[in-house]
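Residue-level listing of the chains:
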Amino acid sequence: FFANRYGRKKVMMIISVLFTISSLGCALSQSVFMLAFFRLIAGIAVGAVSVIAPMYISEIAPAEKRGTLVSFNQFAIVIGILLAYVFNYFLIDFVDGWRYMLAIPFVFSMLFFGYLSVSFPESPRWLLSKGKNEEAMAVLIKIGGTHYAKDEMQSMEQSMIKDTRKEKASFYDLFKGRTGKVVLLGTLLAAFQQITGINAVVSYAPIIFEKTGVGGNTASMQSILVGLVNFLATIVALWLVDKKGRKTLLLWGAAGMTLSLSYLTYAFTFNGNNLSIVVALLAYIAFFAASFAPVMWVVTSEIYPNRVRGIALSFSTTISWLCTFVIVQSSPYVLNQFGGAFLFGFFAVLSLLAFVFVKKWIPETKGKSLEEIEREII
């Protein structure tokens, strides 16, 4: 709602302020209630930016570079995960080290706000929707030059004329007709990104390593290895997403995740050696990071029609975070009560279902403008 009314850039600036407040508040908390309150603010900021960032990038990027540029959003996330592991490793033995850990995002939130203020233009599609044609043209020229700007402007105006003939999009439009089918596909893809287990593995990597007999600082060091593999595999996705296509990456990723998780199920059942478990765990993370991690955001930001993109992305991202919450909260219980074999076997089955789902229902969107994709899907 706010992104459609006030613009993508303004909302991102507000989000950066929320990150600043939450980071300082968490670091300086004097009670559990105070910590939970500022963590809640952090959660609101994370949820908002996970909608606005891919939306903004998809609307501002040229079609031939959109997959790579939207994937950079996920690339930034995995850099953050890796840095979090590194900072935590070095701060873990400090007195009140957790305060320093939670204060570090303050630096990055200030950088985010600074870059938004100085360097980032508003989305040209949002500007055009508000009748600011000259500003939209100026942004497009800055992105790709005069010839690109004229072609893109013409395509956007035609799409806008088509949209103005329709009633203003409401939440209930997400579930109607062919739009409802597209939103269902995007939402299921967002759900599969999370229910295949990645956040459980990333969040509880030290605990999982301890289950294999590795503990203490060694487990934390291996968590850094998890972050490093996540980082390197995302670079592979950046390289391939606009070359091989979105669907190809998703299929290879789901297949690799299924095989890796199947081996982990076997290893935890029959007490496989520690090295093989670590290798399989890293392989699972690599396949995920090179496929579902960035490509889900690319596909959902592309397939939703312009008229409902903001609402649809908000809805599918909400479902994604709800799945994250359920998986992250339930995984420690499952791991302790039923063991690693059950947990990884469950994720393996869901990864196989994700492969079937992508194979049958997800379209290829590589190299097409948002308007072309809308015409083909709707």
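Attention here is on the structure that accompanies the text. (Residues numbered from 1 in each chain as written. Predicted model: local features only at pLDDT ≥ 70, side-chain atom pairs only at ≥ 80, totals over all residues. Heavy atoms only, no water.)

## What about the side chain of Glu302?
Next, step 1: Considering the arrangement of structural elements, one finds Glu302 in helix H15 (residues 292-303).
Next, step 2: Within the structure, the side chain of Glu302 is placed 2.6 Å from the side chain of Arg246, a separation counted as a polar contact.
Next, step 3: Within polar-contact distance, the side chain of Glu302 engages the side chain of Thr365 at 2.4 Å. (Helix = DSSP H or I, 4+ residues; strand = E, 2+ residues; numbered from the N terminus. Polar contact = N/O pair within 3.5 Å; in protein donor to acceptor, adjacent residues only side chain to side chain.)

## Regarding a positive patch on the surface
Next, step 1: A contiguous patch of positive charge, built from Arg5, Lys10, Lys130 and Lys132, is present on the exposed surface.
Next, step 2: Positionally, Lys130 belongs in the loop between helix H7 (124-129) and helix H8 (133-164).
Next, step 3: For Lys130, a relative accessible area of 41% corresponds to the partly exposed category. (Patch = residues over 30% accessible without salt bridge, like charges linked within 9 Å, V, L, I, M, F, W, Y side chains within 5 Å. Areas by Shrake-Rupley, 256 points an atom, 1.4 Å probe, with all protein chains shown as cover. Salt bridge = Lys/Arg side-chain N within 4 Å of Asp/Glu carboxyl O. Lys, Arg positive; Asp, Glu negative; His and termini not counted. Charge placed at Lys NZ, Arg CZ, Asp CG, Glu CD. Buried < 20%, exposed > 50% of the residue type's maximum accessible area, 1.4 Å probe, protein only.)

## Considering the packing of helix H3 (residues 32-60) against helix H16 (residues 309-338)
Next, step 1: Packing of H3 against H16 brings their axes to within 9 Å, and their N-to-C directions diverge by 135°. As summarised for this structure, H3 and H16 are arranged oblique, according to the angle between their axes. Judged by the sense of rotation from one axis to the other, the crossing of H3 with H16 is right-handed. From H3, Val46, Gly47, Ser50, Val51, Met55, Ser58 and Glu59 reach across to H16, where they touch Arg309, Gly310, Leu313, Ser314, Thr317 and Trp321. (Axes fitted to C-alpha atoms, helices over the stretch in contact; angles between N-to-C directions. Parallel < 35°, antiparallel > 145°, perpendicular 65-115°, else oblique. Left-handed = near helix turned anticlockwise from the far one by under 90°. Contact = heavy atoms within 4.5 Å.)

## Observations concerning the nonpolar core
Next, step 1: Counting 90 residues, the largest nonpolar core has Leu189 and Phe292 as its most contacted members.
Next, step 2: Residue contacts for Leu189: discarding those within four places in its chain leaves Leu250, Phe292, Met296, Val299, Phe357, Val358 and Ile362. (Core = buried A, V, L, I, M, F, W, Y, C linked by side-chain atoms within 4.5 Å.)

## Let's talk about the packing of aromatic side chains
Next, step 1: Within the structure shown, the criterion is met by 17 aromatic pairs.
Next, step 2: Taking the centre distance of 5.3 Å and the plane angle of 40° together, the rings of Phe268 and Phe344 count as tilted. With Phe268 in helix H13 (residues 246-269) and Phe344 in helix H17 (residues 340-361), this pair connects stretches of sequence that are 76 residues apart. Each member of the pair, Phe268 as well as Phe344, is classed as buried.
Next, step 3: An aromatic cluster of at least three residues, connected via ring pairs, comprises Phe1, Phe2 and Tyr6. (Phe/Tyr/Trp six-rings, centres within 6.5 Å; stacked < 30°, edge-to-face > 60°.)

Taken by themselves, the reported measurements are silent on function.
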